[in-house]
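# Topology and contacts: notes
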Amino acid sequence: PDSSRRVLVENCDFDVGDDGVAIKSGRDQDGWRVNRPSEDIVVRRCRYSGDTGGAVAIGSEMSGGVRNIFIEDWVAPKAHHALYFKANLDRGGLITDVHIRNIVAGETDTVLIFTNDYHSYRGGEYPPRFERVRIDDVTSLRTRVGIHVRGHVQAPVRDIRVSRMTLEQVDIPLEAAHVEDLSLIGVRANGVRLTPADAIAPKRTAK
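A brief structural summary. (Residues numbered from 1 in each chain as written. Predicted model: local features only at pLDDT ≥ 70, side-chain atom pairs only at ≥ 80, totals over all residues. Heavy atoms only, no water.)

Below, the discussion takes up the overall build of the protein. Counting its secondary structure elements, the protein contains one helix and 13 strands. Sequence-ordered secondary structure for the protein, helices as α and strands as β, is β-β-β-α-β-β-β-β-β-β-β-β-β-β. Its C-alpha radius of gyration of 16 Å places the protein within 12% of the 17 Å reference for a compact globule of 207 residues. In terms of overall dimensions, the protein has a C-alpha envelope of 50 × 40 × 25 Å along the principal axes. Counted over contacts in the protein with a minimum sequence separation of 6, partners at least 24 positions apart contribute 83%. (Helix = DSSP H or I, 4+ residues; strand = E, 2+ residues; numbered from the N terminus. Rg over C-alpha atoms; globule rule 2.2 N^0.38 Å. Contact = heavy atoms within 4.5 Å.)

Given below as structure tokens:
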């Protein structure tokens, strides 16, 4: 869905070499010119397998904005990223009011990722914003990184709440930089409670 509203995606089986569902709203200046957000979108009861993309992605072309998104009841036996919020520093735009629940991920590189350092940006003068995201009831069987959040000093990622996430086997539970108001409620990694204080600085640009 690109610059679209009132969209329902349900009961789909994605086996692809890229993102399963990618919600977009135009790229850079063209997205600002059209200025038509993607909004009021429901994605539910789907299955994804792939080793390149995200099971569900928002971005990277999201310059017109994305809001009021509801994602639930997904199974991803294999994915590069399970839940993928991506943009870069040319995009501008705002992703806000996203609600996600009931996700089961098998083998992934990252379960949940926010990045505004996605590749192919030029000037880097228009950082995007990610705000007001609620994620509940996520189970991951095996992942390298549990949660990766990379904001920008001029546009921190804000107001992210993750509740009842279980990372059964994870190498790096939490990477975070330039994030404000990150709440982890009932999040466990390798059997141990995870808090924002456990975050380490991201050591790489996540793609």
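Here the focus is the pairing of strand S9 (residues 157-167). Side-chain direction in a regular strand flips from residue to residue, so the side chains alternate between the two faces of the sheet. The pairing of strand S8 (residues 129-150) with S9 spans eight bridges and is classified as parallel. Residue pairing across strands places Asp-136 opposite Ser-163, the latter belonging to S9. Alignment of S9 against strand S11 (residues 179-185), held across six bridges, turns out to be parallel. Bridge assignment links Val-157 to a residue of S11, and that residue is Val-179. (Pairing = 2+ DSSP bridges.)

Once that is clear, we can look at the nonpolar core. Core analysis: the largest hydrophobic core is formed by 49 residues, its most contacted members being Trp-74, Phe-85, Leu-112, Phe-114 and Met-165. The element best represented in this core is strand S6 (residues 66-86), accounting for nine residues. Excluding residues that lie within four positions of it along the chain, Phe-114 makes contacts with Phe-85, Phe-130, Val-133, His-148, Val-149, Arg-150, Val-157 and Ile-160. (Core = buried A, V, L, I, M, F, W, Y, C linked by side-chain atoms within 4.5 Å. Buried < 20%, exposed > 50% of the residue type's maximum accessible area, 1.4 Å probe, protein only.)

Here we come to the pairing of S6. With nine bridges joining them, strand S4 (residues 38-49) and S6 adopt parallel strand pairing. Bridge assignment links Val-42 to a residue of S6, and that residue is Phe-70. As judged from the four bridges shared by strand S5 (residues 54-58) and S6, these two strands associate in the parallel manner. When the bridges of S6 are listed, Ile-58 appears paired with Phe-85. With 16 bridges connecting them, S6 and strand S7 (residues 94-115) associate as parallel partners. Counted as the bridge partner of Trp-74 is Ile-103 from S7.

Let's shift gears to the pattern of salt bridges. For the structure shown, the criterion picks out 20 salt bridges. A salt bridge links Lys-86 to Asp-19; its shortest N-O distance comes to 2.8 Å. Linking Lys-86 in strand S6 with Asp-19 in the loop between strand S2 (13-15) and strand S3 (21-23), this pair joins segments that are 67 residues apart in sequence. Salt-bridge contacts for Arg-164 lead to Asp-137; the nearest nitrogen and oxygen are separated by 2.7 Å. You can see Arg-164 sitting in strand S9 and its partner Asp-137 sitting in strand S8, a full 27 residues away along the chain. Residue Asp-137 is classed as partly exposed on the basis of its relative accessible area, which comes to 29%. Residues participating in the shared-partner salt-bridge network are Arg-5, Glu-39, Asp-40 and Arg-67. (Salt bridge = Lys/Arg side-chain N within 4 Å of Asp/Glu carboxyl O.)

Considering all chains together, one arrives at four aromatic pairs under this definition. Among the aromatic side chains, those forming a connected cluster through ring pairs are Phe-85, Phe-114 and Phe-130. (Phe/Tyr/Trp six-rings, centres within 6.5 Å; stacked < 30°, edge-to-face > 60°.)

This part covers the environment of Trp-74. Positionally, Trp-74 belongs in strand S6. Residue classification places Trp-74 among the buried positions, given a relative accessible area of 2%. The spacing of Trp-74 and Arg-101 is 27 residues in sequence and 8.4 Å in space, taken between C-alpha atoms. The contact partners of Trp-74, leaving out residues within four places of it in the chain, are Phe-14, Val-21, Val-43, Arg-44, Cys-46, Arg-47, Tyr-48, Ala-55, Val-56, Asn-102, Ile-103 and Val-104.

Residue placement: Asp-136 occurs in strand S8. There is a polar contact of 3.4 Å between the side chain of Asp-136 and the side chain of Ser-163. Ignoring anything within four residues of it in the chain, the contact list for Asp-136 reads Ile-100, Arg-101, Asn-102, Arg-161, Ser-163 and Arg-164. (Polar contact = N/O pair within 3.5 Å; in protein donor to acceptor, adjacent residues only side chain to side chain.)

Treat this as a map of the structure, not an account of what it does.
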